[in-house]
Amino acid sequence: MTDIRRRVEEDRGLLKRIQSYIPGFRGYRFREDLRDADRMLRGQLADKLAKQRKELEECRSFLAQHQSFEILDAIGGLINQFKKLEGLVSYAETGYSGLVSDITIHEEELNTLYEYDLRMLELQSSISSDIDDLKRDTMNVEMKKVERMITDIKSKAADFEDQFRSRLRVVEGTEV
Amino acid sequence: MSIIGAETFKWEDADKRNNIMFRMPRNIRFNDNIVVREDEIAVFFRDGKVLAYIDRPDRYALTSINAPIVGPIVKFLSGVQQQAEVIYLQKRVFDGKFGSKQPYPFRDKEFGLVNLRAFGEFRYKISSPANFVNQFIGTLNFATSAEVEERIREQVVVLVYDVLGDMKNQGLGVADIASNLTTIEQVILSRSKDHFDLYGVLIDKISGLYISLPEEVQKAVDTRSSMQVLGANYIQYQTGQAMRDAAQNPSGGAAGAGVGVGAGIGMGWTMLDSMRQSQQVPPAAPPQAAIRCPKCGTQNLATNKFCAECGSPLTSTQTSKCPNCGADVPPRSKFCPSCGVNISSMKKCGNCGAEVPATSKFCPECGKPL
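A few points on the structure. (Residues numbered from 1 in each chain as written. Chains lettered and ligands numbered in written order. Predicted model: local features only at pLDDT ≥ 70, side-chain atom pairs only at ≥ 80, totals over all residues. Heavy atoms only, no water.)

If you tally the helices and strands in chain B, you get 10 helices and 17 strands. Per-residue burial over chain B gives 36% buried out of 370 residues. Restricting the contact set of chain B to residue pairs at least 6 apart, pairs at least 24 apart contribute 56%. Carbon and sulfur atoms make up 53% of the accessible area of chain B, which totals about 21500 Å². (Helix = DSSP H or I, 4+ residues; strand = E, 2+ residues; numbered from the N terminus. Buried < 20%, exposed > 50% of the residue type's maximum accessible area, 1.4 Å probe, protein only. Contact = heavy atoms within 4.5 Å. Areas by Shrake-Rupley, 256 points an atom, 1.4 Å probe, with all protein chains shown as cover.)

Written as C-alpha cells, this is what we have:
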C-alpha cells in the first residue's frame, strides 16, 4: 500500500525545504506534512464512504421502483448515517497541540494517527462486503434479509464512528 | 496588545446571545490565546484545515507562523501570510418552535378526511462540530441560532406527519391522537437522529406537541367520548342533549316547561319519532274519488260536504231497496216513500233474502248471522 507520508516528504517544494532547515520551523514543517498525509488518507476514506453511500442509494432506487416502501425509511436512515460519517472523516481534527498544551502531540503521535486511519480503511472494507450482500438481497427482493442486512450495516457503521471518534484519544494515550 | 502582538480572546457575552457560532474577526497570530468556557467549543483552522476542536474549558495558546520575526520575513520573501482563524460554537441546548404551515389531511376511519395541524417545541444542540461547521458555516454561512432553527423546523414538521402516517397504518385514529402525544414525541425523537446527525445537530427533546383537530371534528370526538362514558348510542345521546338544552333555554316554551314539570319525560322519544317521520319519504297521495252533485251534476271531491258549484249537501247518492215493496229508497230515509213501511225496523238476510226485523242477529229462515 502506498505510504502517502513518503510521497508528501519527497514532493516538498523549495520553500518547504528551506523551512525544514530553519530551527523552530523544522518541527512545524514535519508535523504539517504528516497532517497533510493523514488528511489525504482521510480523504480516501471519505471517498470510499461516499462510494458505499452511492451503492446504498442504488438499493434505495431499486426498492422505490419496486414499491417496497416499508424499508425505504430504514435505508434512508442508513444513507444519512453514511453522509454523517463522510463529514466526520473529512473534517476530523488533525492532531494539534498549542503552545504549552497539557498534552502535546509530537511527530510520533502523528505517525500513529496516520497508521490508525490506515486501519480504519481496513475496517471499512468489511462494511463493503455487507453492502454487496445487501445489494444482492435487494435485487432478489428478499425483504426479510434486506431488513436484517440494513440493521447489520447500521451497527457496523456505528462501530466505525465510535472508533473514529476515539482516534485522537487513543493516539494521545488518554483513552481510559 | 502585547509586545509581540498577541492577545487573549474570548467570546463576549454581547456577541453570544442568539448566535450559535461566532467567528473571531482577526487573523490569529502566534501565541494568541483563546478562552474556551464550559458551554463552548472552539474550532481552530489554519490554512483552511481544521486542526482542533477544543471542547474542554481552558485558555489555549495557539500557534501560527504569524510570529513577530519569522512571519514578516516569510511575508517579505514570499508574499505569503498564513491564514489562521477560530470559530466558536455553543455547546448548550437551544429551544426552537415548529408548526405546520399547511394542514395535513389525515384519513380517519370514523371521521373521514380530517385536516390536522401540528405545533410544538424542540431542543437541539451541536452533536458533531465537524459536520456542523461544514453544513451550516461552510455551506450556508449561518451564524444565528434562528437561521439554524429555520432549517430544522420544517424537517421536524415533516417528521411529525411521517410518524402520524405510520401510526395511522397501525390503527391510530384522530380520536386517539391526544392520548398518544408523548408516544408520538418519542417516535419523532428516535427518527430525528437519522435526519439531523449529518448536520451535526442532535434533537434533544420534543415537547409541547399539540396536534389540533378542526373545531367540528373536535366536537364530534368530544361527543363520542361522552357517549362512551354514558354507554349510549348516538341517537340516545343527541336526544338527551336536546332535552338538556331545552331545559336550560331561558325563554321557556312548551318543551322547557314540559321538561321542568316532568311532563316531558317521553318528549325525547316523541322528538325522536318525529325526526324519524320527518326523515321518511311521504307516501304518494291515493287518487281521491269524486262525488257527483245530485242537484247540479258537478263532480266534487270525495271529502267535500257541499257542492262547490251550487252549495247543495253532498251525500251519498247510493239508494237502497225497500225490503217490503222493492222501491228505491233515498239514503238515510226512515220510511219507504212507496209503501210507507218502517225501513229502519226491517232488514234483509244477505244469504237467503228473507225479511227480518232490524234487531235480529240471525236470520230466522236460514240461520246465518246477520
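This part covers the packing of helix H4 (residues 72-90) of chain A against helix H6 (residues 181-196) of chain B. When two helices pack together, their arrangement is given by the angle between their axes and by how far apart the axes lie. At a closest axis distance of 7 Å, the pairing of H4(A) and H6(B) adopts a crossing angle of 45°. If you check the angle between H4(A) and H6(B), you find them oblique. Facing A:Asp73, A:Gly77, A:Asn80 and A:Lys84 of H4(A), the residues of H6(B) in contact are B:Arg191, B:Lys193, B:Asp194 and B:His195. The residue makeup of the contact of H4(A) with H6(B), split by class, is no nonpolar, three polar and five charged. (Axes fitted to C-alpha atoms, helices over the stretch in contact; angles between N-to-C directions. Parallel < 35°, antiparallel > 145°, perpendicular 65-115°, else oblique. Nonpolar A, V, L, I, M, F, W, Y, C, P; charged D, E, K, R; others polar.)

All names here are of chain B. Judged by pairing direction, the sheet is mixed, and its three strands sit side by side in the order S1-S3-S6 without closing on themselves. Pairing within the sheet leaves two strands with one partner each, and these edge strands are strand S1 (8-9) and strand S6 (58-61). When strand S3 (residues 33-36) meets S6, the two strands line up antiparallel, connected through four bridges. From the neighbouring strand, Asn-33 faces S6, where its bridge partner is Ala-61. (Pairing = 2+ DSSP bridges.)

Attention shifts here to the interface of chain B and chain A. Across the boundary between the two partners, chain B contributes 30 residues, which contact 26 residues of chain A. Carbon and sulfur atoms make up 53% of the area that chain B and chain A hide from each other, which totals about 2400 Å². Of all residues in chain B, the largest losses of buried area upon contact with chain A belong to B:Lys49, B:Leu51 and B:Asp194, amounting jointly to 22% of the total for that side. If you look at where chain B meets chain A, you find six salt bridges. We note a salt bridge from A:Lys84 to B:Asp197, for which the minimum N-O separation is 2.9 Å. (Buried area = accessible area lost by both parts, 1.4 Å probe. Salt bridge = Lys/Arg side-chain N within 4 Å of Asp/Glu carboxyl O.)

Moving on to the sheet that holds strand S4 (residues 40-46) of chain B. Strand order in the open sheet formed by four strands is S2-S7-S4-S5 (chain B), with antiparallel pairing between adjacent strands. Every interior strand has two partners, whereas the edge strands, strand S2 (21-23) and strand S5 (49-54) of chain B, have only one. Geometrically, the sheet is characterised by an average inter-axis angle of 20° between neighbouring strands, direction not taken into account. Across the face of the sheet, helix H3 (residues 25-65) of chain A comes into contact with S4 and S5 of chain B while running at roughly 95° to S5(B). Contacting S2, S4, S5 and strand S7 (84-90) of chain B, helix H3 (residues 129-139) of chain B runs over the sheet at an angle of about 100° to S7(B).

Among the nonpolar cores identified, the biggest contains 93 residues, and B:Leu89, B:Leu116, B:Leu164 and B:Ile184 are the most heavily contacted of them. In terms of residues, this core owes the most to one element, helix H4 (residues 145-169) of chain B, which gives 10 residues. Other than its neighbours up to four places away in sequence, B:Leu89 contacts B:Trp11, B:Ile20, B:Met21, B:Asp39, B:Glu40, B:Ile41, B:Val43, B:Ile126, B:Pro129, B:Phe132, B:Val133 and B:Ile137. One finds A:Tyr96, B:Ile28, B:Val36 and B:Ile54 within the second-largest nonpolar core, a separate group that totals 18 residues. (Core = buried A, V, L, I, M, F, W, Y, C linked by side-chain atoms within 4.5 Å.)

This brings us to the packing of aromatic side chains. Residues and elements named next belong to chain B. Counted according to the given criterion, the structure contains 12 aromatic pairs over all chains. Ring plane angle 15° and centroid distance 4.5 Å describe the contact between Tyr-104 and Tyr-161, whose orientation is recorded as stacked. With Tyr-104 in strand S9 (residues 104-108) and Tyr-161 in helix H4, this residue pair connects regions lying 57 residues apart in the sequence. Tyr-104 gets classed as buried once you look at its relative accessible area, which sits at 16%. Here Tyr-161 falls in the buried class, since its relative accessible area comes to 16%. Counting every residue linked through ring pairs, the aromatic cluster contains Phe-94, Phe-98, Phe-122 and Tyr-124. Here Lys-168 stacks its cationic end above the ring of Phe-106, 5.8 Å away from the centre of that ring. (Phe/Tyr/Trp six-rings, centres within 6.5 Å; stacked < 30°, edge-to-face > 60°. Lys NZ or Arg CZ within 6 Å of the ring centre and 35° of its normal.)

Of the pairings in the sheet, the one linking S1(B) to S3(B) comprises two bridges and is parallel in character. Bridge assignment links B:Phe9 to a residue of S3(B), and that residue is B:Ile34.

Further remarks concern a nonpolar patch on the surface. On the surface, B:Ile69, B:Val70, B:Ile73, B:Phe76 and B:Leu77 cluster together into a nonpolar patch covering about 570 Å² of accessible area. Given a relative accessible area of 62%, B:Ile69 falls into the exposed group. (Patch = residues over 30% accessible without salt bridge, like charges linked within 9 Å, V, L, I, M, F, W, Y side chains within 5 Å.)

Let us now look at unusual backbone geometry. Residues and elements named next belong to chain B. Phi at Asn-31 is positive, roughly 70°, even though this residue is not glycine. Within the element layout of this structure, Asn-31 appears in the loop between S2 and S3. With phi around 55°, Asp-47 is a residue other than glycine that occupies positive phi space. Turning to its location among the elements, Asp-47 is positioned in the loop between S4 and S5. Judged by relative accessible area, Asp-47 falls into the partly exposed class, the value being 41%.

Counted by the stated rule, this structure contains 38 salt bridges over all chains. Residues A:Asp3 and A:Arg5 are paired through a salt bridge, measuring 3.0 Å at the closest nitrogen-oxygen approach. Judged by relative accessible area, which is 30%, A:Asp3 ranks as partly exposed. Residues B:Glu40 and B:Lys16 are paired through a salt bridge, measuring 2.7 Å at the closest nitrogen-oxygen approach. Placement of B:Glu40 in strand S4 and of B:Lys16 in helix H1 (residues 13-16) is noted, with a sequence separation of 24 residues between them. Of the residues examined, B:Lys16 reaches a relative accessible area of 8% and is grouped as buried. When salt bridges that share partners are traced, they join A:Glu32, A:Arg35, A:Asp36, A:Arg39, B:Arg46 and B:Lys49 into one network.

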